[in-house]
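Commentary on secondary and tertiary structure
Here is what each chain is made of, one letter per residue.
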Amino acid sequence: MIKTVVIDKTENSKEIMASFLNNIDDVELLGSFDTFSKNTFNPREINLIVFDVCLKNLDETIKEIKKLKEQNSKLGFIAVSYEINSELTAAILKEGVEDFLLKPLIPNILEASIKKITSKNVNISKANTICVFSNKAGVGKTSIAVNLAYELSKKTQDKICLLDLSFNSEDVMTFLNIKSKQSADFVINNLENADNELFLSLLNSYQNSNLYVFSLQDEFNLNFKINIQTVNKILNALKNIFSYIVVDLTSVIDERTVSILNVMDLILMVGLENLASIRNLQKCCELFDSIGYNKEKVKLIINRHIENSEITINDIEKTIAKEVFFKIPNNYLTLIDAINIGRAVGEVNPQSNIAKAYKNLANEIYNMDFMSLNKDNKSGYNHGVFNLLRRMGE
């Protein structure tokens, strides 16, 4: 959804613009305000501002636009005005405002302008995708995926999707004590025919919150299989509804896995403080380097961290030549209590060190510039990749 606000000092004009926007598919109007300074919205949580401008308030408007762009570089702007003035138009467009429309507005022209901006900047309407990954099972990637998704839903107060692509288990559903409402096959077959509201109704909401869970394990059909084309179809549908998609990906490395990793915005590579895990992290780094990922796309997380471990964080960073992005403390009792009752750690024991760590991880990701993560990302296959895939399976 394109989260939009209207800014116009004239009440009637404000109501007309709000009415137009409410009738445009994929646009969600979050509020209408008299001026830029008198608002209650968070610039990081909206995608587009439709605002009135005139020569009289031009200088102040430009200052406000610059201030908002400093807080959210991906924020889009459409200026509207009764004034036909080349000086006004040139000054506004120079500040990176995407379009300038004359009042009285015509609904289909406003809609076309919004679609034009959306097509130029896919981040306006598309979710940020985060994959929690390890090439070996048992390192706690599912617990990180589950609790990260929960904390992002609390932080953003927006719709978040937790997508289970483990293919061979239903750990995500178990961790949150969720029973599938529909078969995965049924949901997939209705992707193209369902609008956003209907599609959401087919997914599983965690405790009636804004966290939705979609598992591609199908308990209704044991013979259910899925290919990369279907995964891409699912991701494209989800991206139009959610602001973040957190993926718990299988540990089996094959062409399907690499294809999914390629389309992720951010990969959280999970490891432990032991020699076997460090060796696996090295293999993953080799694979990602061969594929050509931007190094910023792959972030290293050390799970079950112990402060006085014999193998230190510095040892790990030197060995694999990669900085540790985040550490999750070892708190088995709190985590297992949460799993046993099917709840997020932040609900069961919000004051625990592990709950605070998950919350801080969500904050770090929320403040990331996702556009920079895939800059210069080649994301292609070569013979070296296939050789590595074979070696990693040995």
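Preceding this paragraph is the structure being described.
Everything numeric here is computed off the predicted structure, so don't read it as measured data.

Regarding the sheet that holds strand S12 (residues 298-305)
What the eight strands build is an open sheet, ordered S8-S9-S7-S10-S6-S11-S12-S13; its pairing is mixed. Both outer strands of the open sheet, strand S8 (204-205) and strand S13 (324-329), are each paired with one neighbouring strand and no more. Relative to strand S10 (residues 244-249), strand S6 (residues 128-133) is paired through five bridges, and the arrangement is parallel. Within S10, the residue paired with asparagine 128 across the bridge is tyrosine 244. Along the sheet, helix H11 (residues 275-291) makes contact with S6, strand S11 (266-271) and S12, crossing S11 at roughly 155°.

Brief notes about the pairing of S10
Burial within S10 is extensive, with six of its six residues counted as buried. Neither face of S10 is open: one carries Tyr244, Val246 and Asp248, the other Ile245, Val247 and Leu249, and all of them are buried. Relative to S10, strand S7 (residues 160-165) runs parallel, the two being bridged by six bridges. Looking at the pairing, leucine 162 lines up with valine 246 of S10.

Observations regarding the packing of helix H9 (residues 228-239) against helix H10 (residues 255-263)
The N-to-C vectors of H9 and H10 enclose an angle of 25°; their axes lie 10 Å apart at closest approach. When the interaxial angle is binned, H9 and H10 end up roughly parallel. For H9 against H10, the interelement crossing comes out right-handed. Together, Ile228, Val231, Asn232, Leu235 and Lys239 of H9 and Arg256, Ser259, Ile260 and Val263 of H10 make up the contact between the two elements. Taken together, the residues of the contact of H9 with H10 break down into five nonpolar, two polar and two charged.

Some points on the nonpolar core
In this structure, Leu163 and Phe288 are the most contacted members of the largest nonpolar core, which totals 53 residues. For this core, the element with the most residues is H11, which contributes seven residues. Judged by nonpolar contacts, the second largest core, of 44 residues, contains Leu176, Tyr244, Leu266 and Ala338.

What counts and how
- Residues numbered from 1 in each chain as written.
- Predicted model: local features only at pLDDT ≥ 70, side-chain atom pairs only at ≥ 80, totals over all residues.
- Heavy atoms only, no water.
- Pairing = 2+ DSSP bridges.
- Helix = DSSP H or I, 4+ residues; strand = E, 2+ residues; numbered from the N terminus.
- Contact = heavy atoms within 4.5 Å.
- Axes fitted to C-alpha atoms, helices over the stretch in contact; angles between N-to-C directions.
- Buried < 20%, exposed > 50% of the residue type's maximum accessible area, 1.4 Å probe, protein only.
- Parallel < 35°, antiparallel > 145°, perpendicular 65-115°, else oblique.
- Left-handed = near helix turned anticlockwise from the far one by under 90°.
- Nonpolar A, V, L, I, M, F, W, Y, C, P; charged D, E, K, R; others polar.
- Core = buried A, V, L, I, M, F, W, Y, C linked by side-chain atoms within 4.5 Å.

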